[in-house]
Amino acid sequence: MVYFESWDEFVTKSVELFRTHPDTTRYVVKYRHSEGKLVLKVTDNHECFKFKTDQAQDAKKMEKLNTIFFTLMTHGPDADISDVSGKEQAEQPQSKKGRGRRQ
């Protein structure tokens, strides 16, 4: 089990692990309310990578990592993740067509 201090190194190693063993790799998120800590774990039963934080700003980073893993899981381990952003297309504002009074 390896705890990473650097977020970028954790993401790089986690993606590398998933690309190597896509069938056995899993991603676990644990929040410990009593300590106010968020622990992220990526493992394939042979290697285990962990990242621990108590910073609220790291929640956005976790969201981006979720998006990366969802992309890899749905499009395969060879998917291009360079264009993955933390925001989903569903979050874009929709037009308000058909609402309100007609003039």
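Because the structure is predicted, anything quoted here is derived from the model rather than measured.

With respect to the pairing of strand β3 (residues 37-43)
Next, step 1: In terms of burial, β3 is largely enclosed, as five of its seven residues are buried.
Next, step 2: Pairing between strand β2 (residues 26-32) and β3: seven bridges, direction antiparallel. Counted as the bridge partner of Arg32 is Lys37 from β3.
Next, step 3: Count of turn residues in the β2/β3 antiparallel hairpin: four residues, of which Gly36 carries a positive phi of about 70 degrees.
Next, step 4: Sheet topology note: the β3/strand β4 (residues 48-53) ladder contains six bridges and is antiparallel. Its bridge partner being in β4, Lys41 is matched across the sheet by Lys50.
Next, step 5: Between the end of β3 and the start of β4, which pair antiparallel, lie four residues, with Asn45 showing a positive phi angle near 75 degrees.

Remarks on the confidence of the model for the protein
Next, step 1: Here the protein averages 82 in pLDDT, while 83% of its residues score no lower than 70.
Next, step 2: Mean pLDDT across the elements of the protein ranges from a minimum in helix α2 (residues 58-75), with 85, to a maximum in β4, with 93.

Topic: the pattern of salt bridges
When their charged atoms lie close together, side chains carrying opposite charge are able to pair.
Next, step 1: Taken as a whole, this structure holds two salt bridges when the rule is applied.
Next, step 2: With its nearest N and O atoms 3.7 Å apart, the salt bridge here joins Arg32 to Glu35.
Next, step 3: Accessibility expressed as a relative area gives 40% for Arg32, which makes it partly exposed.
Next, step 4: Across the pair Asp58 and Lys61 runs a salt bridge whose closest N-O atoms are separated by 3.4 Å. Residue Asp58 and its partner Lys61 are both found in helix α2; the two are separated by three residues, about one turn of the helix.
Next, step 5: With a relative accessible area of 8%, Asp58 lands in the buried category.
Next, step 6: Overall, the relative accessible area of 36% leaves Lys61 in the partly exposed class.

Here is what the cut-offs are and how they apply
Residues numbered from 1 in each chain as written. Predicted model: local features only at pLDDT ≥ 70, side-chain atom pairs only at ≥ 80, totals over all residues. Heavy atoms only, no water. Buried < 20%, exposed > 50% of the residue type's maximum accessible area, 1.4 Å probe, protein only. Helix = DSSP H or I, 4+ residues; strand = E, 2+ residues; numbered from the N terminus. Pairing = 2+ DSSP bridges. pLDDT = per-residue confidence, 0-100. Salt bridge = Lys/Arg side-chain N within 4 Å of Asp/Glu carboxyl O.

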